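So you can see what is in the structure, the chains are spelled out below.
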Amino acid sequence: MARKAFPTYPIWRIRRPAVAGLVAILYVGIAAAQAPRAFPFRATNYNVEVIVSPDQKTISAQTTVDFVANQVSRTVLVELHPDLRVASVKTADGQQLAFDRDGQSPLLLSVELPGSKTPGDTVSLTFEYAGSVASEDDSPTRGVRFASVDKDSAYLLLPARWFPLTNYPSNRYTGTFNIIVPSNFAVTGTGNAEPPQMRPGIGPGASQQASYVFHCNQPSPAGSFVAGPLQLSPVSAQGYQFSIYTPPAYASTAADYGSTLAMVMNDLTDEFGALSGNGPGAPRLTVAQMPDGSLEGYSGPGLLLVSARQWSTKPNGALLAQLAAGQWWGDSVLPATPNDVWLTDGLSRYAAAIYSEQADGISGLHRELSDFAIGALMYEDAGPIGQAQHLDAYSDEYISVVENKGAMVFHMLRSEMGDDAFTSLLHDFYAQHAGKTASVDEFEQMTTQKLPATKPNQPAVNLVAFFSQWLNSTGIPEFNLEYIVYRTTKGFKVVGKIHQPLDTFRMPVDLRVQTEGNPVDKSIMVDGTSTEFEVDTFGRPVPDGISIDPNDTLLKSSPQLRVRATVARGESYAAIGKYYEAVQSYQQALEIKPDYSLAHFREGESFFYQKNYQAAANAFRSALGGDLDPKWTAVWSHIYIGKIYDLLGQRERAVNEYSLAEHTHDDTAGAQAQAAMYIKNPYKADNAAPPTSTGGAAVPAKPSSGDSSQSNEPVLKRRADEN
C-alpha cells in the first residue's frame, strides 16, 4: 500500500481508565461485526488502455481483467471510482453482462456472470468506462484527491481505483498499461516502459497523441502514473541508477535527488536487508515530481512521487526515506488484511526517523519523534492500530493512528529490544515475507522469538502487555510526579509516585534525577495508574530536576504536545479551506496556552484569507505579544499586518510594518526579500492561491533544508481552487 508523507494532526483527547477500557470493548465488538470485505474473485492480470483528455478533465478506459474464483460464486465484485460511468462489461466472447453499483457503497461494482464458478476457475471480463476522477467528495477517501486531469498535467494513483480493483491493499497482479496523452505530455509510472509512440488524435482536427506502454511482469500493486511536461534526467549514484522526472525548470535538482536517495537506500538496506525481487545489482527506481493538489508523496513499485510543493533545490531526505521504505514495506511486503497496515505504513513512516538519525544524529531522531508524537495525539482515539480497517486510508485519522502512532510504536519496540535485536527482527521478518503478505500476529510471534534475555536489575519485557497497550487499545499516558527528597547517611533518597491515567498500562519508564553531581537514571516498571519508586543518589538532587522518560522514548502526552497538536489540526482544516473550523482549533489551543504565538499567527492567517482584516490584524498583534514560539512568527506577523494596511490604503503604516520585519533580521522562508519587495511596491491582493494543499490532511511543510528551526512553514497552504 502506498503511503502518504508528513500528515497533520488532530485534537488531543485524554482517556480516563474506565473510558479507555469501554472503548477497547466497543472496538472488539465492532471488529467482530465488521469483517474485512470478501471478494469472491481476485484480479490476477490487467490489460488497461486509458485515454487522458486534459480539455475535458476526464479519462476513458477499456480494461480487460483476468480473475480467479476464491469461492463458489457468480458475482464478480470490484472497486471502481464512483464517478467513472461504466458503459459495458463483456465476457471474452463479447457477451454483455449485467452490472450494478452498490447503493450504500458506490465504490463497489458488482457484475453477474452467466453461471457460477468454483474456486480456481478463471474468467476474463472487459470493462468500458469514462468520467472524471478528481472529485474530493467522491474520492474513495473523502477529502483526499488520488487522481486528477487538467490542461497542464495528470496523475492517476492506485488508491483512486481508476481501474477495477479487488482485495485492495493486499493484492498483487501483472498487467500492461497503455496511457494515451496529448503529444506534449510525458508519462512515467510503475512498470517497464516502452518508447512512446505517436498516434493521430481522435476526431476531426484533433491534436496528435502519444501512447506510453508500461509492462508489469512481476505481480505487484502496480497502476500509478503521472503525466505532464516532464523531462527525464538519468542519475547514477553509489551504484544505483535513478530515473528522475521533473518539469524542465527543476532538471538541475535531479543530481541532488539521486545522491540523497542513494544514501537513503543504503541506510534502509542496512536496516531492513537487501531489497528482493529486483534482479541482480542495486534496484532501479523512478522518482518524479507530482502535481500539487494530492498527497505530499506517494510510493509504488519502483516509483517514488514527490509533490511539487515538497520538491526544492535541497531534497527532503526524511520524506524520501518514508517513500523509499515503501519499496520494502508496502510493495515487496503487503499487509495480509487492512488491519495489518501498521506493518507497512507505520514502518515506512518510522523510516524517516531511521534516516534522520543517520543524517543528523540524535537531534534528527528527536525531531522526527516529536512529529510522530504530535501526529499520534491528534486522532489517537479514532481507534486502535489493530483495527485500521475502520479508518479510511490517507484520512487524518488514518495518518494519526496508523502512521504516526504506528511509527512511535516501532520506536518503543526498538527501545525495549535494543538496536541489534530490533534490526535482526526487521531483517528476518522481511526475508521471510518478501513477495508475500504479512500479518501483525506473525510479526508479534517473531518478535517474541527475537526478544533478548532480560539484563540484570532490569524489568522483564512483557510483549503481551506491550502489544495489547499499543496495538489493540486506545489511550496515551500523561505522566505526573510527586516525590520527597530525604537525606541519608550515604547521600540522598528520592521517594515518590508516578501517576498516569491508563488502568491497564504496564511498561518500564526511565526516570532521571539531576543532582549537583552526575545525573542518576533508573528504570521504573510503571504498572497501572500509580506506581511508587525510590532512587538513591550521592549528590543532592537539584530543584525540579526529576524527569520522566528524559530521552523521549515513549509515546506520551503533555500540555505542550497537546497545544501543538491542536494547532496542527487547525492547519489541516485551513489547508482544505475550512477556515471556521481552523479558527476553532486555534482558539482551543489558546485556551490551553494563551500566549502561544503560533496559534495566534495561524488564526491571523485564516482571518486574512477570509478577508476579515481587522480580526487578522488583532491576531497578528497577539502573536507579536506572545511567546514568539517559533521566532519567525514575529517577522511574518509584521509582513501580514503590512499587507493588511496596504490593502486598506494605509501605505505609511504598511511601510512601517515591513521595516519592522526587516529589523528582525529573520529570513525564514524568504521573509526579508518579501519585506523589501513590499517596501518598494505596495502589496496588492490577487486571486492566485498560495501553494496547494493535499486536499486531505496537511501540516506546515518541512523545509527541504532539514533545518529544524523552520519546522513550521509560515505561509498558509490553501487549496488551488480557492479564490
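Reading guide: rules and limits
Residues numbered from 1 in each chain as written. Predicted model: local features only at pLDDT ≥ 70, side-chain atom pairs only at ≥ 80, totals over all residues. Heavy atoms only, no water. Core = buried A, V, L, I, M, F, W, Y, C linked by side-chain atoms within 4.5 Å. Buried < 20%, exposed > 50% of the residue type's maximum accessible area, 1.4 Å probe, protein only. Helix = DSSP H or I, 4+ residues; strand = E, 2+ residues; numbered from the N terminus. Contact = heavy atoms within 4.5 Å. Pairing = 2+ DSSP bridges. Axes fitted to C-alpha atoms, helices over the stretch in contact; angles between N-to-C directions. Expected span 1.5 Å × (residues − 1). Phe/Tyr/Trp six-rings, centres within 6.5 Å; stacked < 30°, edge-to-face > 60°.

I tried to follow the nonpolar core on my own but got confused; where do I start?
Nonpolar side chains in soluble globular proteins tend to end up buried together. By size, the foremost hydrophobic cluster in this structure holds 199 residues, and its most contacted members are Phe67, Leu125, Phe127, Trp162, Ile179 and Trp342. When residues in this core are grouped by element, the largest group, 14 residues, is from helix α4 (residues 345-378). Setting aside anything within four residues of it in sequence, one finds Ile179 in contact with Val50, Val52, Trp162, Val187, Ala210, Ser211, Tyr212, Phe214 and Phe225.

Looking at this structure, how should I read the sheet that holds strand β6 (residues 108-117)?
One key point about sheets: their strands pair by backbone hydrogen bonds, in either a parallel or an antiparallel sense. Ordered in space as β3-β6-β5, the three strands form an open sheet in which the pairing is antiparallel. The open sheet has two edge strands, β3 (73-79) and β5 (99-101), and neither has a second partner. Neighbour-to-neighbour, the strand axes of the sheet open up by a mean angle of 25°, direction not taken into account. Of the strand pairs in this sheet, β3 and β6 are connected by six bridges, and their pairing is antiparallel. By the bridge assignment for β6, Thr75 is matched with Glu112.

Before we go on, may I ask you to explain unusual backbone geometry in this structure?
In terms of backbone geometry, most residues other than glycine have negative phi values and most peptide bonds are trans. Tyr168 connects to Pro169 through a cis peptide bond whose omega is 10°. Here Pro169 is to be found in the loop between β9 (154-156) and β10 (173-182). Phi is positive for Tyr394, close to 75°, though the residue is something other than glycine. Summarising the element assignment, Tyr394 is placed in the loop between α4 and α5 (396-417). Positioned with a positive phi, Lys611 is a non-glycine residue whose angle comes to about 65°. With respect to the helices and strands, Lys611 occurs in the loop between α11 (597-609) and α12 (613-624). The exposure class assigned to Lys611 is exposed, which follows from its relative accessible area of 60%.

What exactly am I supposed to notice about helix α13 (residues 632-647) here?
Residues separated by three or four positions in an α-helix point in the same direction, a consequence of the helix having 3.6 residues per turn. With 16 residues, α13 should cover 22 Å at 1.5 Å per step; its first-to-last C-alpha distance of 23 Å lies within 8% of that length. Burial of α13 is extensive: 15 of the 16 residues sit out of reach of the surface. Following α13 by one or two positions, Gly649 has its phi on the positive side, about 80°.

Would you explain the packing of aromatic side chains in this entry?
The relation between two aromatic rings is expressed through the spacing of the ring centres and the mutual angle of the planes. A complete count under the given rule lists 35 aromatic pairs for this structure. An angle of 75° between the planes, with centres 5.8 Å apart, marks the rings of Phe410 and Phe443 as edge-to-face. A residue pair is termed long-range when its members are at least 10 positions apart, and Phe410 in helix α5 and Phe443 in helix α7 (residues 440-450) qualify at 33 residues. Across the pair, Phe443 and Phe410 agree in class, each one buried. Ring geometry for Phe608 versus Tyr640: centroids 5.1 Å apart, planes at 75°, classification edge-to-face. With Phe608 in helix α11 and Tyr640 in helix α13, this pair connects stretches of sequence that are 32 residues apart. Judged on exposure class, the residue Phe608 and its partner Tyr640 are both buried.

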